[in-house]
Each structure stands twice: as structure tokens, then as C-alpha cells.
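Residue-level structural notes
Read off the chains here:
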Amino acid sequence: QVQLVESGGGLVQPGGSLRLFCAASGSILSINAMGWYLQAPGKQRELVVMINDDRSTYYADSVKGRFTASRDNAKNTVYLQMNSLKPEDTAIYYCRMVVNTTTISVPRDYWGQGTQVTVSS
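Residues numbered from 1 in each chain as written. Predicted model: local features only at pLDDT ≥ 70, side-chain atom pairs only at ≥ 80, totals over all residues. Heavy atoms only, no water.

**Structural notes on the pattern of salt bridges**
Considering all chains together, one arrives at three salt bridges under this definition. For the salt bridge of Asp109 with Arg96, the shortest nitrogen-to-oxygen distance reads 3.2 Å. Taken together, the residues span a long stretch of sequence, with Asp109 in strand 10 (residues 108-111) and Arg96 in strand 9 (residues 91-101) at a distance of 13 residues. For Asp109, a relative accessible area of 38% puts it in the partly exposed group. (Salt bridge = Lys/Arg side-chain N within 4 Å of Asp/Glu carboxyl O. Helix = DSSP H or I, 4+ residues; strand = E, 2+ residues; numbered from the N terminus. Buried < 20%, exposed > 50% of the residue type's maximum accessible area, 1.4 Å probe, protein only.)

Here is the structure:
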């Protein structure tokens, strides 16, 4: 079993910054990909960024140049630095990891519980 715990959300003014954290724990052998999704009110969950195990990274066009993701494999943690935040960035942010566990022979998706980010003056 693997658990993902997120932190770092909150209320920030337009143009401000926030840093999100997501740490995985449990029966982890290795983590293939780590990333973040967002879900705005009344909308479907959408990709923000994914980082593969070779550190190649894919960003959604809407966040390029403003958001930076990084991962620390030793800590099983993924970070999201969000700068120049806009009201339209307001959403619940979920981390996702594709994990190889010690108990299952194929990689599995795991999701965090979500953290609220609100950008408002």
C-alpha cells in the first residue's frame, strides 16, 4: 500500500507564489513518474506537469514559464513551485505518482487527497 500526502496550498494574491509538496510512503520500490493535476470547480481534472524517472518533464501550456516541478527520489517527493499566480489557477491540486511497489508486479497509479489553491485579491 502506498500513501501520498500533499501540503502547501492556500490563499495567495494574484502575482504571488506558492510551493506545493507531495510525499509518498509505503511499500515503494521505485517511482516511474511524478506529477500534478488540477481540478477547477465544475471542470474535469487536467494535467499540470509530469516528471519522468529520467527527469524529462512535460508542462501544460497554461503554466509554462510560471510553474516549475522537481522531484527528490531519495525522499519520494515531488514539488511544484508556482509563480506569477493568476485567478484562473484557482483549483484543487492533486499529485499523482506511478509507483513500482514491493507487492505488485506492475506499476500502479496513486493520487494524493488534493490541496486547495486559491488566487484572489
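**Topic: the packing of aromatic side chains**
Throughout the structure, instances matching the rule amount to two aromatic pairs. Relative to Tyr79, the ring of Phe21 has its centre 5.6 Å away and its plane inclined at 80°; by these criteria the two rings are edge-to-face. Placement of the pair is Phe21 in strand 3 (residues 18-26) and Tyr79 in strand 8 (residues 77-82), with a sequence separation of 58 residues. Among the residues examined, Phe21 registers a relative accessible area of 32% and is labelled partly exposed. Judged by relative accessible area, Tyr79 falls into the buried class, the value being 14%. Above the face of the Trp111 ring, Arg45 is positioned so that its terminal group lies 4.8 Å from the ring centre. (Phe/Tyr/Trp six-rings, centres within 6.5 Å; stacked < 30°, edge-to-face > 60°. Lys NZ or Arg CZ within 6 Å of the ring centre and 35° of its normal.)

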